[in-house]
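Summary of the model geometry
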Amino acid sequence: MGTAPTEVMAFPKIRAIVRDNGTAEVVVAGNSRIVPDGESLQDLRNNALALVLGEAQTLQRPVRVQIEDPEGHGELIVHPDNKIESVSYEARPARRRAEAPETTPETVAPTVIDTVPVPAPEPVVAPVEPTAVPDAAATVDNQPWPPNPVASGTTPVPANRDPQTAAAAEEPPSAVVSQEAPPSRRSLKDTSFLVSAPVLEPATQGWRGALTRLGFRMDPSAEELSEREDIRTVSQHWPGPRTIAVVNRKGGANKTPTVVMLSAILARYSGAATVAWDNNESQGTLGWRTEKGSHDRSVLDLIDSSAELLSPATNAAEIAKFVHHQTADKFDVLRSDENEEGDHEVTAEEVDIAHQVLTRYYRLVVMDSGNTARAANWRRMIDHTSQLVVPVTAIEDRAEAARLTLQTLESRGGHDAELARNAVVIVSESTDAKRSMTGDALKRAKDEAQRIADGFEPFVRAVVRIPYDPDLVNGPIRYEALQPATQRAWLAAAAAVADGF
């Protein structure tokens, strides 16, 4: 976080200051009042604005407040009775997300009006013969009836024609139109009194959210709207199960933290039953970085009990005997074999069995993987995958291993190649080495992360960057323990993954 202050100017002689470093105060005629401590920057904004309202009541006169905020700028008038008026607010341009390139007019698909081919009209040639011949055999004095009205300018009436018939022939065209049947009424099936348009909820974040809570409804900023859209994306329920494979043939590429964060966000927002499965061919680390249940069972125990678990008579709650529930993040973990002897490697057939069991009990399966892309369980995992996720850290060899992983899948063609082209790459800055970085070294690390992200962007569907967060480096991983910026970045990553379902 930076240390530059965010100021709210007011006239007369009132200034509310909110700083990014977690402090805030209101200055009135040189006297400073400290804002009570808040839990977040948003709390500081709310408290600072509340003090401005208090000053308006003390002065018993309207106070004009100038707002200047990282989200935008504007002004409002605060009255002693807590009313707010004359609000103008202009949001700053939203930063473009890495995984959602701006759409140019040339890339927008045109609206298709009709797909039925219509033949081109043939050219119209002015007739030489009479233009209207009701009866080709009817003649008067050996002349066709009637003569060409274009040539004569009038429609002559023959001597042997009944005058009433002739009068009817001279009726204007409007008389014919009036005889057409009136239009039929619309069917009641074609209308509805229900309104299906979505309702835009007021702002909850930033100064806009603070003003909304004080009674002045404000529309959300572009950044808040973007966050809402990501939440909507990850909150869907898709028909049928979905399997996510997190792969990189290099260790230390953040595969396990990626599995935990994607599982936590999808489970929290969608409410769908979600399981994180450690598909390491021998011993993985997913169990070390998540909560342990009251038992020691692993994937091998689940495979041994697969016949019972797949029986129609088995209750859905029986799966709890084999997985470890994450009480805060609301997903389950299926651990890899933790036998100290390490004498068993999961086979391709065992992957099939475990996947069949899990997709009966869970809608979303997020699979961690080992570092051997040639292993039988690794290749069979790819066969079951709906969406591929490739995590990398801002280190060259991790990025190169990710590139080779994608290249290998693409060279196989078919389903594997489609997964590679539709992959989501997650570039994370959270490495243990970054703890000691300061100044220029920290900037170089950020530049390297951006260079790696830019390098993958042309070859995959989406690339998302995750900022450094010490709570992702070692120990158990908890979504709530992460910094707000890290949580927001992981939400964007989960939305990019869900877009591929």
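Definitions and limits used
Residues numbered from 1 in each chain as written. Predicted model: local features only at pLDDT ≥ 70, side-chain atom pairs only at ≥ 80, totals over all residues. Heavy atoms only, no water. Helix = DSSP H or I, 4+ residues; strand = E, 2+ residues; numbered from the N terminus. Contact = heavy atoms within 4.5 Å. Areas by Shrake-Rupley, 256 points an atom, 1.4 Å probe, with all protein chains shown as cover. Polar contact = N/O pair within 3.5 Å; in protein donor to acceptor, adjacent residues only side chain to side chain. Pairing = 2+ DSSP bridges. Axes fitted to C-alpha atoms, helices over the stretch in contact; angles between N-to-C directions. Core = buried A, V, L, I, M, F, W, Y, C linked by side-chain atoms within 4.5 Å. Buried < 20%, exposed > 50% of the residue type's maximum accessible area, 1.4 Å probe, protein only. Phe/Tyr/Trp six-rings, centres within 6.5 Å; stacked < 30°, edge-to-face > 60°. Lys NZ or Arg CZ within 6 Å of the ring centre and 35° of its normal.

Attention shifts here to the overall build of the protein. Tallying secondary structure elements over the protein gives 15 helices and 17 strands in all. Contacts spanning at least 24 positions in sequence make up 66% of the contacts within the protein whose residues lie at least 6 apart. Counting every atom, the protein has about 28,300 Å² of accessible surface; 53% of that belongs to carbon and sulfur.

Tracing the chain through its elements places serine 369 in strand β14 (residues 364-369). At a separation of 2.7 Å, a polar atom in the side chain of serine 369 contacts the main-chain carbonyl oxygen of valine 246. Aside from chain neighbours lying at most four places away, what touches serine 369 is Val246, Val247, Asn248, Lys255, Asn279, Asn280, Trp378 and Met381.

Our next topic: the sheet that holds strand β17 (residues 462-466). Working definition: the strands of a sheet are paired by backbone hydrogen bonds and lie parallel or antiparallel to each other. Taken in spatial order, the 8 strands of this open sheet run β12-β13-β11-β14-β10-β15-β16-β17, and their pairing is mixed. Among the strands making up the open sheet, the edge pair consists of β12 (324-325) and β17. Here 4 bridges tie strand β10 (residues 242-246) to β14, and the two strands are oriented parallel to one another. Directly across from alanine 245, in β14, lies its bridge partner methionine 367. Packed onto the sheet, helix α12 (residues 396-412) meets β15 (387-393) and β16 (424-428) and runs at close to 160 degrees relative to β15. Its contacts with the sheet place helix α14 (residues 439-456) against β15, β16 and β17, and it is angled at close to 170 degrees to β17.

The next thing to look at is the nonpolar core. Counting residues in hydrophobic clusters, the biggest one holds 46 residues, and the most contacted among them are Trp277, Leu302, Leu388, Leu406, Val425 and Phe456. By residue number, the principal contributor to this core is helix α10 (residues 348-361), which donates 5 residues. Dropping the residues within four chain positions of it, valine 425 is found in contact with Val390, Val392, Leu406, Phe456, Val460, Ala462, Val463 and Val464. Residues Val259, Leu266, Ala462 and Ala494 belong to the second largest nonpolar core, which totals 39 residues.

You can see alanine 496 is positioned in helix α15 (residues 484-498). The exposure class assigned to alanine 496 is buried, which follows from its relative accessible area of 3%. Considered as a pair, alanine 496 and alanine 423 are 73 residues apart in the sequence and their alpha carbons are 9.6 Å apart.

It is worth spelling out the packing of aromatic side chains at this point. Evaluated as defined, the whole model comprises 1 aromatic pair. Measuring from centroid to centroid gives 4.8 Å for tryptophan 238 and phenylalanine 501, while their planes differ by 85 degrees, and the two rings are edge-to-face. Taken together, the residues tryptophan 238 in the loop between α6 (222-234) and β10 and phenylalanine 501 in the segment after α15 connect sequence positions 263 residues apart. You can call tryptophan 238 buried: its relative accessible area is 14%. Here the guanidinium or amino end of arginine 297 rests over the ring plane of phenylalanine 322, the centre of that ring lying 5.9 Å away.

Among the secondary structure elements, lysine 250 is positioned in the loop between β10 and α7 (255-270). For the pair formed by lysine 250 and asparagine 371, sequence separation is 121 residues and the distance between their alpha carbons is 5.7 Å. For lysine 250, the residues in contact, after removing those within four places along its chain, are Lys255, Asn371, Asp397, Arg398 and Ala401.

Here we come to unusual backbone geometry. In this structure, asparagine 254 takes a positive phi of about 75 degrees despite not being glycine. One can find asparagine 254 in the loop between β10 and α7. Located in the positive-phi region is lysine 330, a residue other than glycine, with phi close to 65 degrees. Looking at where lysine 330 falls in the secondary structure, it is placed in the loop between β12 and β13 (332-334).

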